[in-house]
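Summary of the model geometry
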Amino acid sequence: MTTFEEAATVVGNGRFHHYLLFATGFSLLGVFTEALNMAFVLPSAKCDIEMTTTEHGLINAIGFIGVVLTSHFWGFMADTWGRLKVIQFSLFSGVVFSIISSFSVTSMMLLFTRLLVGMCTSGAQAASISYLSEFHSNASRARALTLATMFMPVSLLYQCLVGWAIMTMEFRYSMFGFIYTPWRLYLFVTSLINVLAFVMLLYPPESPKFVLAMGKPKEAVEILSRVFQANGFGKKEDYPIKEISPECLGSNLANCCGVRDVLKMIWKQTWPLFVPPYLGNMLMLCYLSFGLYGVAHGTFMWYPQMLTLYYENMNLPITMCEAIHLGLTRNLTANIGADGSEICKIDTNPLTYQISMIFGLTFLVLYSLVAWNVKRIQTKILFTAWLLLSFVATIGNIFGNEFHLNTFLMVIALTCGNCGSILLAVASDLFPTHYKGMALCLIMMFGRMGAAAGGNIIGALLFTQCNAIFYISASVLLVATGISYVVMKKIDEAMAK
């Protein structure tokens, strides 16, 4: 009897797989856009919505907190209800709450709606990666997943282009006592990418490997024959595989009869990942995800403000932290009106978006190089060297005293976030089908915990102990460099099988 791997090899890699790459890629693009767009929104939103520095930091991180709260749940649903259903529901509900958040009138309303956005879109990332991987054979899986992760830096380019076009505008429309300003339009427009992804994912079938794991080999063959036809290799009837050997059965949500059964099933899907033989892999992957997202995404939440303050003093031979302190002191004095009240100024300088686009383009080039060479270069060498370079660049940011040099070093330092995204893609080979969705969601959960923790720690230290941010980040990256060599060696071995 034919194995699933052999059946997927016969299906090949054609038009259907290219379509699916873009559909899941746009899903990932939308998820990352929703996760990071508060960094561009809050400097403007604070002039319409009163918020403290603490609230600013919390709103910046609340989307990641939403992901943390629901990752376990979405991992369970992806492994029992279905990959495709989770992605579709996640995208649709995320769009609804994102649009509602654009009409926020208080900091608490913005906080709550962005929490819901994070909770809803949480399921789409890991489920999209599992879903895409399970239509591919070993020959094409690693490249397809790495190409899909290329859409993550594209999300930064998308946000910058939309931000450049909208956030630099100056308009205030009053409707029914409600003030509509550019940041509200920006939130609405950036959420539309999830609508596109949702529509594109109405066409493809459920993952054949998931269906097989649910004990439905005939349905899995039917799905593969449809893919065979969609690829243009012949009619469904021409697909030569008629039977597939069953895989280890996963848990089916349809078999649950009450809350107690559901809780038992969640435990059944979770506990095996934290005992041998998966325990070591999970601990290492969770640390890497936590650390890399904490450094990269935590820093990026505050980078637009860091960049603005540094730009104001770019002609002085001072370090980034010295420029931030000087710029903050100057702005506190300049933003006080004649009557002693604080004046809120919206920065419409396009520089933030232009430099962020350089970040996005750099990340995209790196993803492209990895995608096309993932089978040629051992990932243990690639990732170890990459993280070591990020570590050196992070240390360089402490001592660099020239604007353009420090901007370049920051770009290199924050590319460690690319490692975290690619890691999530290639790590899927370390887990069986019936645990894959849960494993990836839990790893992603730790990544979002790191991003939330990093964003709040950086917010607390930025204006008082700025250099400590870079020392802590460098320490995290140094440990991650050693761990990445070990875990990537295992991934290389799994991909070679």
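Residues numbered from 1 in each chain as written. Predicted model: local features only at pLDDT ≥ 70, side-chain atom pairs only at ≥ 80, totals over all residues. Heavy atoms only, no water.

Moving on, we come to the state of the cysteines. Enumeration over the complete set of coordinates arrives at one disulfide. With its sulfur 2.0 Å from that of its partner, Cys 321 forms a disulfide with Cys 466. The disulfide joining Cys 321 to Cys 466 has a torsion of about -70° about its S-S bond and is therefore left-handed. Of this pair, Cys 321 sits in helix H14 (residues 320–334) while Cys 466 sits in helix H20 (residues 466–496), and the two are 145 residues apart along the sequence. (Disulfide = S-S within 2.5 Å. Helix = DSSP H or I, 4+ residues; strand = E, 2+ residues; numbered from the N terminus.)

What follows deals with the side chain of Asn 281. Considering the arrangement of structural elements, one finds Asn 281 in helix H13 (residues 279–311). By relative accessible area, which is 8% here, Asn 281 ends up buried. If we skip the residues at most four places from it in the chain, Asn 281 touches Leu 430 and Lys 490. (Buried < 20%, exposed > 50% of the residue type's maximum accessible area, 1.4 Å probe, protein only. Contact = heavy atoms within 4.5 Å.)

Within the largest apolar cluster, 145 residues are counted, with the highest numbers of intra-cluster contacts made by Met 306, Phe 359 and Phe 431. The dominant element in this core, judged by the number of residues it contributes, is H13, at 17 residues. Among all residues touching Met 306, those that are not within four sequence positions of it are Thr 299, Met 320, Ile 324, Met 410, Leu 462 and Phe 470. (Core = buried A, V, L, I, M, F, W, Y, C linked by side-chain atoms within 4.5 Å.)

What follows is about the side chain of Thr 80. As for its position among the elements, Thr 80 is in helix H4 (residues 53–80). Thr 80 gets classed as buried once you look at its relative accessible area, which sits at 2%.

The grouping of Phe 188, Leu 192, Val 195, Val 199 and Leu 202 at the surface amounts to a nonpolar patch, some 400 Å² of accessible area in total. You can see Leu 202 is positioned in the loop between helix H9 (182–200) and helix H10 (208–213). (Patch = residues over 30% accessible without salt bridge, like charges linked within 9 Å, V, L, I, M, F, W, Y side chains within 5 Å. Areas by Shrake-Rupley, 256 points an atom, 1.4 Å probe, with all protein chains shown as cover. Salt bridge = Lys/Arg side-chain N within 4 Å of Asp/Glu carboxyl O.)

What follows covers the pattern of salt bridges. Counted under the stated rule, the structure contains four salt bridges. Its salt-bridge partner being Glu 34, residue Arg 114 comes within 2.8 Å of it at the nearest N-O pair. In this pair, Arg 114 sits in helix H6 (residues 107–133) while Glu 34 sits in helix H2 (residues 15–36), placing the two residues 80 residues apart along the sequence. Close ionic contact of Arg 83 with Glu 134 constitutes a salt bridge, the shortest N to O distance being 2.6 Å. A residue pair is termed long-range when its members are at least 10 positions apart, and Arg 83 in helix H5 (residues 83–101) and Glu 134 in the loop between H6 and helix H7 (138–149) qualify at 51 residues. Here Arg 83 and Glu 134 have matching classes, each one buried.

Here we come to the packing of helix H3 (residues 38–45) against H4. Between H3 and H4, the least distance of the axes is 10 Å, while the angle of their chain directions is 150°. Considering their axes alone, H3 and H4 lie roughly antiparallel with respect to each other. In terms of crossing hand, the pair formed by H3 and H4 is right-handed. Contact with H3, carried on its side by Met 38, Ala 39 and Leu 42, involves His 56, Ile 59 and Asn 60 of H4 and no other residues of that element. Considered class by class, the residues forming the contact of H3 with H4 number four nonpolar, two polar and no charged. (Axes fitted to C-alpha atoms, helices over the stretch in contact; angles between N-to-C directions. Parallel < 35°, antiparallel > 145°, perpendicular 65-115°, else oblique. Left-handed = near helix turned anticlockwise from the far one by under 90°. Nonpolar A, V, L, I, M, F, W, Y, C, P; charged D, E, K, R; others polar.)

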